[in-house]
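# A look at the structure
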Amino acid sequence: MLDKILVVFNPTAGGGKSKQIFEKFNQFCHENGLTFKVYTTQKANDVDGINGAAADVGIEIVSIFGGDGTLNDVVNSENCRAKKLHIVGSGSGNDFYRLLYNEISLQQSFEKIINGVLKPIDYGICNQKYFINGVGIGFDGQVAYETASNTSKFISGKTKYWLSILKNVLVYKSAEYTIKSEKDSINTRAFMISVANGTDYGGGFKVSPQSVPNDKYFNLIVINKMLPILRPFRIPLVEKGAHLNKTYVTQKMVKKAKISCTKEQKAHVDGEVLSGKVFEIEWVGQLNFLV
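Residues numbered from 1 in each chain as written. Predicted model: local features only at pLDDT ≥ 70, side-chain atom pairs only at ≥ 80, totals over all residues. Heavy atoms only, no water.

### Points about the overall build of the chain
Tallying secondary structure elements over the chain gives 9 helices and 13 strands in all. A compact globule built from 291 residues would reach a C-alpha radius of gyration of about 19 Å, and the chain, at 19 Å, matches this within 12%. Counting over 291 residues, the chain shows a buried share of 51%. At a minimum sequence separation of 6, the contacts of the chain that also span at least 24 residues come to 72%. For the chain, the exposed surface amounts to about 13400 Å²; the carbon and sulfur share of it is 52%. (Helix = DSSP H or I, 4+ residues; strand = E, 2+ residues; numbered from the N terminus. Rg over C-alpha atoms; globule rule 2.2 N^0.38 Å. Buried < 20%, exposed > 50% of the residue type's maximum accessible area, 1.4 Å probe, protein only. Contact = heavy atoms within 4.5 Å. Areas by Shrake-Rupley, 256 points an atom, 1.4 Å probe, with all protein chains shown as cover.)

Here it is in structure tokens:
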């Protein structure tokens, strides 16, 4: 009999804490008579490997042991998208995990694989890459790029992220964008642009606190240019989710958006780095999560 559960296990997630969590899950499954097959990710962006493991016709549930990057790899696996998805928060940020499961215990997150109910969750595509949490262009794209480029083994991922934020608060230059949606087209000089399905990015920054991840829309948030001297006061508002009512911020609900710039910009898709002059983003459909 084929296993019905595929565990996608990223052993490096959370600085290695995913290994300890996986061992506890293994014990939980043994105690409850559950069998599963494991695919251990071999590299970052291991979509092909995950997709091959999920091709087994006996797989009904894909359980994800990793952070937002591992979740993004699963979302980009065609075979995984057809399954019931289950997350055990094992990464550094776990932004989407917290949105779905709030503050449940580790044991409760394991139990969702038995007693969880299906909840449809929106997902989209940006330049041929699928996403579930959101897309960030500009400042947060540059921060994601520099964080990923920092290969030091002596600094945690969270510390790398904050070092990149502190640097770019001072030196990042806003750019001119054309932003087209099904509603309108605007030209603006922006500090950062987000097309959000989830509420949080970067381990707790509440970029889009009003997002509802199954309303079949994304929240397009534009933070206009700001002087470096003002950024140390305004960026903490984004961290708290207290920025949406400010005059330099606009928000609208969209199904699709085309964001263009005259020069190449860094962006992230669920924290995974992209770059380009044009970002075409569209709502695709919904995936089934056990919650």
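Once you've had a look at it, read on.
### Some details on the pattern of salt bridges
Enumeration over the complete set of coordinates arrives at 8 salt bridges. Two residues, R98 and D95, come together in a salt bridge whose shortest N-O distance is 2.7 Å. One end of the pair, R98, and the other, D95, are both in helix α5 (residues 95-101), 3 residues apart, so they sit about a helical turn from each other. We classify R98 as partly exposed; its relative accessible area is 27%. (Salt bridge = Lys/Arg side-chain N within 4 Å of Asp/Glu carboxyl O.)

### A look at the state of the cysteines
The final tally for this structure, using the stated rule, is 0 disulfides. Lacking any disulfide linkage, C29 is separated from the closest cysteine sulfur, that of C80, by 17 Å. Between C261, a cysteine without a disulfide, and C126, which holds the nearest cysteine sulfur, the sulfur-to-sulfur distance is 14 Å. Among the residues examined, C261 registers a relative accessible area of 10% and is labelled buried. (Disulfide = S-S within 2.5 Å.)

### A closer look at the packing of helix α1 (residues 17-31) against helix α6 (residues 106-115)
Orientation of α1 relative to α6, taken along the N-to-C sense of each, is 50°, at an axis distance of 11 Å. Between α1 and α6, the interaxial angle falls into the category oblique. Once α1 is placed against α6, the crossing between them reads as right-handed. In this structure, α1 uses I21, K24, F25 and F28 to contact α6, whose residues at the interface are L106, Q107, F110, E111, I113 and I114. (Axes fitted to C-alpha atoms, helices over the stretch in contact; angles between N-to-C directions. Parallel < 35°, antiparallel > 145°, perpendicular 65-115°, else oblique. Left-handed = near helix turned anticlockwise from the far one by under 90°.)

### Examining helix α9 (residues 231-240)
Taken together, the buried positions of α9 are occupied by R231, I235 and V238. Buried residues of α9, viewed axially, fall in a sector of 45°; they line one side. Looking at α9, the residues exposed on the side facing more than 90 degrees away from the buried face are F233 and K240. Considering only its buried residues, α9 is in contact with α7 (139-149), α8 (157-171), β9 (185-196) and β10 (218-224). One or two steps after α9, the chain reaches G241, where phi turns positive at roughly 75°. (Arc of directions from axis to C-beta.)

### Comments concerning the environment of S109
Secondary-structure assignment places S109 in helix α6. As for S109 and V88, which are separated by 21 residues in sequence, their C-alpha atoms are 6.1 Å apart. Once residues lying within four places of it in the same chain are set aside, the contact partners of S109 are H86, V88, Y97 and I104.

### Notes on the pairing of strand β1 (residues 5-9)
In regular strands, side chains alternate between the two faces of the sheet. Among the 5 residues of β1, 5 are classified as buried, and the element is accordingly described as predominantly covered. Neither face of β1 is left uncovered, since the one carrying I5, V7 and F9 and the one carrying L6 and V8 both have all their residues buried. By the bridge criterion, 4 bridges tie β1 to strand β2 (residues 37-40) in an arrangement that is parallel. The residue bridging L6 from the neighbouring strand is K37, located in β2. In the classification by handedness, the crossover that spans β1, the intervening α1 and the parallel β2 is right-handed. (Pairing = 2+ DSSP bridges. Right-handed = clockwise from strand over helix to strand, strands pointing away.)

### A word on unusual backbone geometry
With a phi angle near 55°, N45 is a residue other than glycine that sits in the positive phi range. Inspection of the secondary structure puts N45 in the loop between β2 and α2 (47-53). Exposure remark for N45: the relative accessible area of 41% places this residue in the partly exposed category. In this model, D270 sits at a positive phi of 55°, which is unusual for a non-glycine residue. On the secondary structure map, D270 appears in the loop between β12 (256-269) and β13 (272-290).

### Some words on the nonpolar core
F139, Y177, I193 and I223 are the most contacted members of the largest nonpolar core, which has 41 residues in total. In terms of residues, this core owes the most to one element, β9, which gives 6 residues. Leaving out residues up to four positions away in the same chain, I223 has contacts with A190, F191, M192, V238, H243, Y248 and V249. Ranked by size, the runner-up nonpolar core spans 25 residues in total, among them I50, Y97, I121 and I132. (Core = buried A, V, L, I, M, F, W, Y, C linked by side-chain atoms within 4.5 Å.)

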